Amino acid sequence: MNTFAVNGGARLVGTATVTGAKNSALKLMAAALLAEGTSTISAVPEIADVAIMGEVLRRLGCDVELDHGQESGAGSARIGVPQRLGTETDYELVRRMRAAICVLGPLLARCGRATVPLPGGDNIGSRGLDLHIAGLHRLGADIRNEHGFLIATADALVGATVWLDFPSVGATENLLMAGVLAKGTTVIDNAAREPEIADLVSMLVAMGAKIDGAGTSTLEIVGVEGLQPVQHTTVPDRVVAGTLAYGAVMTGGDVLIRNGRTHHLDVPLGKLTDAGAEVTSIDGGFRIVMDRRPRAVDIVTLPYPGFPTDLQPMAVGLAAVSEGSSLITENVFEARFMFVNELVRLGAEVQVDGHHVVVRGHERLSSAPVEAHDIRAGAGLVLAGLVADGRTEVSGGHHIVRGYPDFAGQLRALGADVTLNTTPDA
Ligand code: UD1
């Protein structure tokens, strides 16, 4: 059992360095499957999900070395991909980390076959796979659901135009990784535009893929015969940078975030400026300073470049200590306000109405034991503990360590009193 213990009261002050993005590194590791030989991905965050993805690839026959400790919280993944890959992924691993579903596209492209368990729902909503399935079907794959597994087969993938009903990050990635080795041209319309997609495109292009439109909602892919292994550096984690920025503002702090890319955080940093913070871009990062109680701001989550759903719990936490009332709307995941009940235990005044919450700000929160049910809500609860009087214990810390490398250490280095306590399961 992992529990984060937070003694509230400190301002976050100092310098923090952000490593590569979880949501990119996992997909880059899957992309390595597309070429026989050894690909090396650097700035891979030292988190539980990367270890799980390493295991997924090993079970497909890859030789995976995760080398951590080159720099704080990050390392590299060396992935040796054999000529003949296994095509089946375990339920046990996909159940622990839904992102493992991103091996579907590369396996279909390389082997013409993939068996991947249906991951089921999780703590932020139902998270369907219909867009992945419909898109791959357009490229000629036959996909059936048997005994809890998706079994996808294709004699040959053939390029086609795919219109996504919603700009799903995962579906865009699976289609990209299938399209690069398909015959002819694939067009993904209404594609997701997240920086992590652009990062995946840049790795695929370095491997020899032909892709136009990175960062736009239309991706055009001309299939090639084969790809080569590469070395690639993961894009910095905008969600970790954003989490630290929200923590700085909530605590009236002054934090320099190295590797934080302001242009990946336009909307969330704009909201912090509206709340009264000063954000300054510096070479290789940005500085965020807050010298007053935050003003309440309204926030609406949307696919990139909108406000990221992954920072919504931090936005609710900020609203809980702001002057005035905030209206926060969640448009991406249906059940992402589940954590609000935990925040209420810390004294926050929050009313939920469907996919909206109204938050009336109080100057301070009050400590209590709370439980994290997902990665981002967990990080949001830790930040709320920083502005609560007394000692807050956030259980369910195993969720947080899935996505934040050494979160407690990073906050301690900024002057907070946060420890991660690990005890054996009863
Ligand atoms: C990724 C990120 C997650 C982030 C999310 C949105 C990873 C590992 N995770 O998740 O941190 O919060 O993007 O930015 O990169 N949907 C369907 N059918 C589909 C696919 C998606 O209905 O076939 C729905 C989902 O249920 C959800 C919404 O679309 O409500 C967004 O999902 P998607 O963009 O696919 O997110 P993920 O790739 O799962």
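Now for a quick tour of the structure. Treat the numbers as computed from the prediction; the structure is a model and nothing was measured.

Some remarks on the site of the ligand
What surrounds the ligand is a group of 21 residues, the closest being Lys27, Asp130, Ser168, Asp310 and Val332. A distance of 2.6 Å is found between an oxygen atom of the ligand and a side-chain nitrogen or oxygen belonging to aspartate 310. About the coverage of the ligand: the protein hides 85% of its 750 Å² of free accessible area. Of all the elements in the fold, those that place two or more residues in the shell around the ligand are α1 (22-31), α5 (130-138) and α6 (169-179). Class assignment of the residues belonging to the shell around the ligand gives a composition of seven nonpolar, six polar and eight charged. In terms of domain composition, the shell around the ligand takes at least three residues from each of domain 1 (2-18 + 236-422) and domain 2 (22-228).

Digging into the environment of methionine 290
By secondary structure assignment, the location of methionine 290 is in the loop between β16 (285-289) and β17 (299-300). Judged by its relative accessible area of 2%, methionine 290 is buried. Here methionine 290 is in contact with Ala248, Val249, Gly252, Gly253, Ala275, Gly276 and Ala277, once residues within four sequence places are set aside.

Considerations on the pattern of salt bridges
For the structure shown, the criterion picks out 18 salt bridges. One salt bridge connects arginine 59 with aspartate 90, and the closest N-O pair in it is separated by 2.2 Å. Here the residue arginine 59 occupies a position in helix α2 (residues 48-59), and aspartate 90 occupies one in the loop between β5 (74-81) and α3 (91-96), the gap between them amounting to 31 residues. With its nearest N and O atoms 3.9 Å apart, the salt bridge here joins arginine 336 to aspartate 374. Of this pair, arginine 336 sits in the loop between β18 (325-329) and α11 (340-345) while aspartate 374 sits in the loop between β22 (369-371) and α12 (375-386), and the two are 38 residues apart along the sequence. Neither arginine 336 nor aspartate 374 differs from the other in exposure class; each is buried. Each of Glu55, Arg58, Arg59 and Asp90 takes part in one network of salt bridges that share partners.

A word on the environment of arginine 78
Structurally, arginine 78 can be placed in strand β5. A relative accessible area of 40% places arginine 78 in the partly exposed class. As a C-alpha pair, arginine 78 and tyrosine 304 span 226 residues in sequence and 30 Å in three-dimensional space.

Some thoughts on α12
For α12, with 12 residues, the first-to-last C-alpha span of 17 Å sits near the 16 Å given by 1.5 Å per residue. α12 sits mainly inside the fold: 12 of its 12 residues count as buried. Listed in full, the buried residues belonging to α12 are Ile375, Arg376, Ala377, Gly378, Ala379, Gly380, Leu381, Val382, Leu383, Ala384, Gly385 and Leu386. N-capping of α12 is provided by aspartate 374, with a side-chain oxygen placed 3.0 Å from the backbone N of arginine 376.

Thresholds applied
- Residues numbered from 1 in each chain as written.
- Predicted model: local features only at pLDDT ≥ 70, side-chain atom pairs only at ≥ 80, totals over all residues.
- Heavy atoms only, no water.
- Near = heavy atom within 4 Å.
- Polar contact = N/O pair within 3.5 Å; in protein donor to acceptor, adjacent residues only side chain to side chain.
- Areas by Shrake-Rupley, 256 points an atom, 1.4 Å probe, with all protein chains shown as cover.
- Helix = DSSP H or I, 4+ residues; strand = E, 2+ residues; numbered from the N terminus.
- Nonpolar A, V, L, I, M, F, W, Y, C, P; charged D, E, K, R; others polar.
- Domains from an automatic or database assignment.
- Buried < 20%, exposed > 50% of the residue type's maximum accessible area, 1.4 Å probe, protein only.
- Contact = heavy atoms within 4.5 Å.
- Salt bridge = Lys/Arg side-chain N within 4 Å of Asp/Glu carboxyl O.
- Expected span 1.5 Å × (residues − 1).

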